[in-house]
Each structure stands twice: as structure tokens, then as C-alpha cells.
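Coordinate analysis (summary)
Residues per chain are reported as follows:
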Amino acid sequence: MALRDTPTLRILIDASPETEPLPDRYRTLTALLEQGHAVTLASGTQPVSPADTQPTLLLGLWKDTPEFENRPAHWTVQNIHGRSPAQIADLAESHRPAPRNPWKPWFPVIDYDRCTNCMQCLSFCLFGVYGVDGERRIQVQNQDNCKTNCPACSRVCPEAAIMFPKYKAGPINGDTVSAVDLQKEKMKVDISALLGGDVYDMLRLRSEKAKSRFSKERDADKALTERQKCLVKLAEAGDIPAEVLMSLPSPEEIARRAEEAAAKAKAALQPGV
Amino acid sequence: MNRHRILYCHCQYAQVVPPEVKAGVLQALCDSGASFDAVADLCELAARKDPSLARLSSGGCVKIAACYPRAVKGLFHQAGSDLSPDSTEILNMRTEPAGAVVDRLLAPDLQPNLP
């Protein structure tokens, strides 16, 4: 589920000609942004984003702190005379409505201009990141389940419609998708083809083989090596971090989840059901 | 007076935008005396479905200094706050030098480029 917690504190800096100039704008802005605040510097030269109902801290270097007759209840006014950028950042921090939940800067973003609603991502992702909306349109539903640095779902997308904006390279990072990219993606993607079958089946098969060997030979190390070999191959084929593959659930759980995802995808694709 | 708004994304939580480009753009905006909005990380706001995105996507023409236009469009869409294709210009700090980004941000005309 997407994080929905306390809204960002908006810091509105009055930089109009009626105020004294902020001595070190750049350092002040940087300090505030590094704390995660949204900042509006309003000098009156051009429009800024409109007022809303978010908690807002209005700062300025006024000779006398102005009285705002119709000041909204969610606004706080503070004169920042004599404060350094670090002190201004501390002041802003003290007005934060509540501590924010941590978030992961790694989650998929669907390019709906490219997405054909084929449900391959939903079928593929073992971690339940994807779901469908009321109109059976694929959507990112549980982005917190996404495994950091794992772009596997964008590899399986035949249309290169899944982006990870913090990814290092295009088109996964949102760069334009070229015909060459599509071809390349197809080659990389088809992890299943590279392994001669469905990726999860492959894992299951390997695991079963390893189990069988284990039962015959009582050689746990050999079984483990076999599984690791398989995972390394997968990692190389799909640019999937080894730790993601190593943390995959048990083969039984994989099978259960894969069936569940496939059923969800199938149901979403069936008209009128 | 420019009619468009300016939005700067600090891409706080990853090293994907060259730090010298971010610093150059923010410094130039501060020095220009222009009004602008700045956010720590558009990805974070989208992840949280933060109401700030609704505010930032409304209010007319906007130039956004962030990353790839396709990604920025997707982030706003995923958070339920679509950008207007006719009144949004996105400047890519991942690929453009700071000077080129600043020139476009401060130019009086708007060149919509949402994919």
C-alpha cells in the first residue's frame, strides 16, 4: 500500500521587495530541502503554486512581523531575523506536524501511454506489488513490497512500460524507449526463455532436483551450490540483485503466490466476470 | 514578469542527478530573484501520494527541473495529480547541463514537452 501519512510541511518564504533579502538563500534552501520540506520562495516576480490546506510555515525577514488578518488556521508565521540557514532549518523542523514514516525511493511507475494491460508484471511479481483497479486496469498497489534495486518486472514488460525513476539506465529510468531498446529488452527480459521455461518453474525444478539429490546423497552443500548457481544465472540475465533472488520464498510459497498472481491476472483479463 | 511557475526537484534520495547540476540550477534560481517552488524529492511525494502534488500540478503553466519527462509524468499520474500536457515543460537535470536547464527555466516562453 502506498504511504499516506502526514503531509509535507510547506515552507513559504516571503522574499518580496518589502522584506529584507535573505542573506544566504542557496544554503537556506538546501538545508530545508535536505530535511524533506517543500519550499516556496515568493518574490512576486511570477506565480507560485497556489495555497492549499497543508500545514504552512510562513517565514520572512520583516522589520516588524506582519499581522495577517485572515491568516488561515494551518499557517504559522515566523520572523527569521538573525537566524543562520541551519537555525532556519531547525525552526522548520520544530514545526513539522508529525514524524514521517520512512519510505523507499524504489518503486515501479507505470507508463500508461505504453502499457497494454497484459498483466505480465502482475503475473511475474512474487511480492504482490501489482494489482488492478475497479476497471481492471493494472496499477501499483503495494509499492512498499518492492525489492530495492530489483527491476525484474520492467524486464518482463514487453512494452518497456515500467519505469524505476531512480534506476541507473534507460529506458527503465524513464528515458525515451527506442526500437533498439525494445529489442534489447525482449532479449534480456525473456529470462524464462533463457532458462528454458518459466522462471519460477525453473527455480522449483532446481529446488526439487536439489532436494532429490539431497535425499539420495545427503549432500546439503551440493544442493545449495546448485540453487546458488541457478540464482546467479538469473541475476545475470535480468540485472536482478542477488540478494533479491536469495531472499525468494520457499518453492512451495513461490508456487502458491505465482498461482495467486496468475489467477488475479486471468480474472482481470476476462471480460464481464 | 513570467507567466509560468518554476518547480525544482532536489532528488534528495538518490545520486542519479549529478550533484553539480542540482547545485548549479538551485544556485542560479536563488541568484535570479525569481519566485519558485522546490521539493526535496518528487519520487517521495508520489510514493506518499502527498497532497503537495495536487498543488504543484495545478495553477497554470509550469516548468519543472527534475529528470526524464516520461518519469515525471508517470509520478504525477500515479499520485492522481496529472500534469497538463499543454502547459508543462520538463527540464532533465540527469542529461542537461545546469546552464541549459536554467536558461529554459528563466526563459519567458514555455515549450510543452510532456510525452
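Right above here is the structure, for reference.
Residues numbered from 1 in each chain as written. Chains lettered and ligands numbered in written order. Predicted model: local features only at pLDDT ≥ 70, side-chain atom pairs only at ≥ 80, totals over all residues. Heavy atoms only, no water.

**Description of the interface of chain B and chain A**
Our working rule: Should any heavy atoms of two residues lie within 4.5 Å, those residues are considered in contact. Using a 1.4 Å probe, buried area is obtained as the accessible area two parts lose upon being combined, added over both of them. By definition, a salt bridge exists where a carboxyl oxygen of Asp or Glu is found within 4 Å of a side-chain nitrogen of Lys or Arg. For this analysis, a polar contact is any N or O atom pair within 3.5 Å, provided that within protein one partner can donate a hydrogen and the other can accept it, and provided that sequence-adjacent residues contribute only side-chain to side-chain pairs. Strands here mean DSSP runs of E at least two residues long; helices mean DSSP runs of H or I at least four residues long; both are numbered from the N terminus. Note on residue categories: nonpolar means Ala, Val, Leu, Ile, Met, Phe, Trp, Tyr, Cys or Pro, charged means Asp, Glu, Lys or Arg, and polar means any other residue, Gly included. Each pair of strands is called paired provided DSSP finds at least two bridges between the two strands.
If you look at the interface, chain B gives 49 residues, while chain A gives 56 residues. With both sides pooled, the region where chain B packs onto chain A buries about 4,400 Å², and carbon together with sulfur makes up 53% of that total. Area buried by chain B at its contact with chain A is led by B:R48, B:R55 and B:R70, which between them contribute 19% of it. Across the chain B-chain A interface, the total number found is five salt bridges. The salt bridge involving B:D41 is made with A:K166; its shortest N-O contact spans 2.8 Å. Across the chain B-chain A interface, the total number found is 29 residue pairs in polar contact (both at pLDDT 80 or more). Elements supplying a minimum of two residues to the side of chain B that touches chain A: β1 (5–9), α1 (19–32), β2 (36–39), α2 (42–47), α3 (52–57) and α4 (69–78) of chain B. Among the elements that line the side of chain B that touches chain A, the one with the most residues is α4(B), at seven residues. Residue composition of the side of chain B that touches chain A, by class: 24 nonpolar, 13 polar and 12 charged. Relative to β2(B), strand β2 (residues 38–42) of chain A runs antiparallel, the two being bridged by three bridges. The partner of A:L41 across the bridge, within β2(B), is B:F36.

**What about the sheet that holds β2(A)?**
Just so we agree on the cut-off: Think of each axis as a best-fit line through the C-alpha atoms, taken over the contacting stretch in the case of a helix, with angles from 0 to 180 degrees between the N-to-C directions.
Pairing is mixed in the open sheet, where eight strands are placed in the order β4(A)-β3(A)-β1(A)-β2(A)-β2(B)-β1(B)-β3(B)-β4(B). Two strands close off the open sheet at either side, each with one partner strand: β4 (75–79) of chain A together with β4 (88–92) of chain B. Pairs of neighbouring strands in the sheet enclose a mean axial angle of 20°, with direction left out of account. Alignment of strand β1 (residues 10–14) of chain A against β2(A), held across five bridges, turns out to be parallel. Bridged to A:I13 within β2(A) is A:L41. Where α1(B) meets the sheet, it contacts β1, β2 and β3 (62–66) of chain B, and its direction lies at approximately 145° from that of β1(B).

**Here we look at the state of the cysteines**
Chemically, a disulfide is nothing more than a covalent bond linking the sulfur atoms of two cysteines. Residue and element names in this part refer to chain A. Heads up, the condition is: By convention in this document, the label disulfide applies to cysteine sulfur atom pairs within 2.5 Å. For every residue, the accessible area obtained with a 1.4 Å probe (protein chains only) is divided by the maximum for its type, and the residue is called buried under 20%, exposed over 50%, and partly exposed between those limits.
The tally for this structure, following the rule as stated, stands at zero disulfides over all chains. Of all cysteine sulfurs in the structure, the one in C118 sits closest to C121, which takes part in no disulfide; the separation is 6.3 Å. The buried category is assigned to C121, whose relative accessible area is 10%.

**Points about the packing of aromatic side chains**
To keep it simple, the criterion reads: In summary, the pairing rule links any two rings of Phe, Tyr or Trp, Trp by its six-membered ring, whose centres are within 6.5 Å, and it sorts them by plane angle into stacked for under 30 degrees, edge-to-face for over 60 and tilted for everything else.
Scanning the model with the defined rule gives three aromatic pairs over all chains in all. Where A:W103 meets B:Y13, the ring centres are 5.2 Å apart and the plane angle is 90°; that geometry is what we call edge-to-face. With A:W103 in the loop between α2 (85–94) and β5 (109–110) and B:Y13 in the loop between β1 and α1, this residue pair bridges two chains. Its relative accessible area of 12% is what places A:W103 among the buried residues. The exposure class of B:Y13 is partly exposed, given its relative accessible area of 32%. Where A:W106 meets A:F164, the ring centres are 4.6 Å apart and the plane angle is 15°; that geometry is what we call stacked. With A:W106 in the loop between α2 and β5 and A:F164 in the loop between β8 (162–163) and α5 (179–189), this residue pair connects regions lying 58 residues apart in the sequence. A:F164 carries the same exposure label as A:W106, and that label is buried. Through pairs of rings, three or more aromatic residues link up here, namely A:W106, A:F164 and A:Y167.

**A closer look at the packing of helix α1 (residues 25–34) of chain A against α2(A)**
All names here are of chain A. Applicable threshold: Crossing handedness is defined as follows: a turn of the near helix away from the far one that is anticlockwise and smaller than a right angle gives a left-handed crossing, while the clockwise case is right-handed.
Relative orientation of the contacting elements α1 and α2 amounts to 35°, with a least axis distance of 8 Å. Regarding α1 and α2, the two cross each other, and that crossing is right-handed. When α1 is examined against α2, the residues R27, T28, A31 and L32 are found in contact with a partner set consisting of P85, I88, A89 and A92. The class makeup of the residues in the contact of α1 with α2 is six nonpolar, one polar and one charged.

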